[in-house]
Amino acid sequence: MLSLHSAHSRSRHGAGGEPRIGLAVAGGGPIGGMYELGALRALDEALDGLDLTRLDAYVGVSSGAFLAAALANRIDTAQMCRIFITGDSDDVRFRPETFMRPAVYEYLRRAASLPRLTLECWQAMLFSPATVRWPDLLARFGGLVPTGLFDNEHVERFLRDVFTRRGRSNDFRTLDADLFVVAVDLDSGDTVRFGDEGWDDVPISRAIQASAALPGLYPPVAIHGRQFVDGALRRTMHASAVLDRDIDLMIGVNPLVAFNAGDPGGAAPGHASDSHARLASGGLPAVLSQTFRSLLQSRMQVGLARYTRQYPHVDQLVFEPNPDDGELFFTNAFSFAARRRICEIAYRNTLDDLRRHRDILAPQLARHGIGLRQAVIEDRQRTLVGSLDASGGPDTDTVAELKRALDDVDRIVARRESKPRTRPRARSSARGKSSAGEPLV
């Protein structure tokens, strides 16, 4: 499903300026991340003139933060598909268990306070039983419940390893583009953009760990004396982070939309085909999933409508799953086993969206120097895995860094050749004055 919001005014960079493009990637857990990867891979293949690793600004939330950071570090979609989908990457070895290791230290730390709490409880019951209330006891013992099931320190180590090899950077300040990773301060509810001024000294891997710390799944992450959790708690995509960077085109990917079961008498995938086969029959997980998705999607739609008024010069394209896609909805949100299937669904859905809206998209994208590859969007048999080029063999870190340097040189040369030659202007003899002696504004 594609949401288009066309600019109401001309780009501030004019016809002769190079368009600025930003990417916003929402969260959604492992399944959401794989959907986003499939959508980004389809865009990478279908849009001529768009290089997702060479955009001007990126923002990522939760699982989307890794994808945004990887692209900003010039790990392209083909490489990420080899890492997470086919598993034949010569660069990164992905192990799902890294993300699902029990938070043993958190369990032990909480359990260590059990003797003290028990003693305090017995003292209160023996010496002042009239003051003891069950809600107070439950609240007191609630501190024994771990803040997260899994240990996200291993996630941070994995990310740190990825971003510190082959010429990549784990430092926001050394990237070629603006990158923002969003998390929420647990104690205040304030949103923090890592990568922004005052927060750009935090390692990218640590920022992603904080942004993906979904309460209940991972414990909060301590940074600069503050505790941070999942950035999606405040907003879905935080697209304003890139819209504020004076861009002309914003591309967004949001994997979480409310499921539309259609006819009440119809059957949801995997459920009985009687009139009672509603989402409620899936129990609490299905109800919570639908509630969470509805809140996030509604909040994002309100935000996009506001952005249209606030940034009238920016074209906005947001790609989402189809609301009637039961296979996506009923897949375990934290399953890694389904990542290839979900990635293929996203890839196919995105190509379908581009094909259905090409008449509107073509002139809109052309304003930003982007064209549609008709052969790609017309190929209905095309698959994500089948589209990956055969790898040319493993590269050493030195060879990978050399290729990266040569790519930089090629880009610099191409930019210089594309710039029109202009006659040099006469310089002012006085600082702050024009050649006519009038003050410069």
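Just so it is clear, the structure is predicted and the values come from calculations on it, not from any experiment.

(A) Summary view of the pairing of strand β9 (residues 249-253). The buried count for β9 comes to five of five residues, which makes it a mostly enclosed element. In this sheet, β9 lies alongside strand β2 (residues 21-25) in parallel orientation, the contact comprising five bridges. Residue pairing in the sheet places G22 in a bridge with M250 of β9. Where β9 and strand β10 (residues 315-319) come together, five bridges link them in parallel fashion. If you follow I251 over to β10, its bridge partner there is L317.

(B) The arrangement of the side chain of R339 in detail. The topology assignment puts R339 in helix α12 (residues 339-356). Side-chain polar atoms of R339 contact the backbone oxygen of F84, separated by 2.4 Å.

(C) Region of interest: the side chain of N170. Mapped onto the elements of the fold, N170 is located in the loop between α7 (153-162) and β5 (178-185). Judged by relative accessible area, which is 13%, N170 ranks as buried. A polar atom in the side chain of N170 sits 2.9 Å from the backbone nitrogen of S205. Not counting residues within four places of it along the chain, the set of residues in contact with N170 comprises R160, F163, T164, P203, I204 and S205.

Here is what the cut-offs are and how they apply
Residues numbered from 1 in each chain as written. Predicted model: local features only at pLDDT ≥ 70, side-chain atom pairs only at ≥ 80, totals over all residues. Heavy atoms only, no water. Buried < 20%, exposed > 50% of the residue type's maximum accessible area, 1.4 Å probe, protein only. Helix = DSSP H or I, 4+ residues; strand = E, 2+ residues; numbered from the N terminus. Pairing = 2+ DSSP bridges. Polar contact = N/O pair within 3.5 Å; in protein donor to acceptor, adjacent residues only side chain to side chain. Contact = heavy atoms within 4.5 Å.

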